[in-house]
Amino acid sequence: MHRLFIALAIAVLAAAPASATDKTEVMGVVHLWVDSFNKGDLKAMAATCTDDAAIIDDFPPHEWHGPGACARWSSDFEAFVKSGDDTERVVTVGKPWHLDVTADRAYVVAPTTYSYKAKGKPVLEKGIVTVALQKGAVGWRITGWAWADH
């Protein structure tokens, strides 16, 4: 009976909701990812990702995955915005609509705004970002993200 009680207690604790600390750490990585983008430091942005991340975004080729995906996305993004003469790029992530943490995995869905100047004219796009993360030896890292205009 004692073993049954211990097994049940472990199962309940394992299924318990994520701590506020886990959620704070997850959002800290999401904000570091965005802050790095806003500073134009795409290397730091890519460093928030696992090496084999998966990305879906609204510019060609629209999908990146496997080793170095975040670095390849960064390179393709720079080429894309250069071709449109886009400058002063800033992303803001709003309060998450979903923030789920289960053990070493996390899932975040949040509204976004993306402001920039296209050939000197201000543009404001509202969007949605979905980010998946995994906690490993170095902490939380992004395993994938999807971006969509709203």
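Okay, so let's go over this structure. Everything numeric here is computed off the predicted structure, so don't read it as measured data. (Residues numbered from 1 in each chain as written. Predicted model: local features only at pLDDT ≥ 70, side-chain atom pairs only at ≥ 80, totals over all residues. Heavy atoms only, no water.)

With that settled, the discussion passes to the overall build of the protein chain. The helix and strand tally for the protein chain stands at four helices and seven strands. Starting at the N terminus and ending at the C terminus, the protein chain contains elements arranged as α-α-α-β-β-α-β-β-β-β-β. Every one of the 150 residues in the protein chain was classed for burial, and the buried ones make up 35%. Long-range pairs, those at least 24 residues apart, make up 47% of the contacts in the protein chain with a sequence separation of at least 6. Counting only carbon and sulfur atoms, one obtains 63% of the accessible surface of the protein chain, whose full area is about 9,000 Å². (Helix = DSSP H or I, 4+ residues; strand = E, 2+ residues; numbered from the N terminus. Buried < 20%, exposed > 50% of the residue type's maximum accessible area, 1.4 Å probe, protein only. Contact = heavy atoms within 4.5 Å. Areas by Shrake-Rupley, 256 points an atom, 1.4 Å probe, with all protein chains shown as cover.)

Once that is clear, we can look at the packing of aromatic side chains. By the definition in use, this model includes 11 aromatic pairs. Here the aromatic rings of Trp73 and Trp145 are separated by 5.2 Å at their centres, their planes lie at 80 degrees, and the arrangement is edge-to-face. Of this pair, Trp73 sits in helix H4 (residues 69-83) while Trp145 sits in strand S7 (residues 139-149), placing them 72 residues apart in sequence. Assessed through its relative accessible area of 4%, Trp145 is described here as buried. Geometrically, the ring pair formed by Tyr114 and Trp147 is edge-to-face, given 6.5 Å between the ring centres and 85 degrees between the ring planes. (Phe/Tyr/Trp six-rings, centres within 6.5 Å; stacked < 30°, edge-to-face > 60°.)

A separate point is the layout of surface pockets. Computed from the structure, the largest pocket encloses a volume of approximately 280 Å³. Asp57, Asp58, Phe77, Tyr114 and Trp147 are the residues nearest the centre of the largest pocket, which is lined by 18 residues in total. Only helix H2 (20-38), H4, strand S3 (86-93), strand S5 (105-118) and S7 provide two or more residues apiece to the lining of the largest pocket. Of all the elements, H4 adds the most residues to the lining of the largest pocket, at four residues. (1 Å grid on protein atoms, 1.4 Å probe; cavity = no way out; pocket = protein on both sides within 12 Å on 5 of 7 lines; lining within 4 Å. Points joined across faces, edges and corners; volume = space filled by probe spheres on them.)

All chains considered together, the criterion is met by one disulfide. With a sulfur-sulfur separation of 2.2 Å, Cys49 is cross-linked through a disulfide to Cys70. One disulfide, between Cys49 and Cys70, carries an S-S torsion of -90 degrees and so falls in the left-handed class. Placement of the pair is Cys49 in strand S1 (residues 49-56) and Cys70 in helix H4, with a sequence separation of 21 residues. With respect to burial, Cys49 and Cys70 carry one shared label: buried. (Disulfide = S-S within 2.5 Å.)

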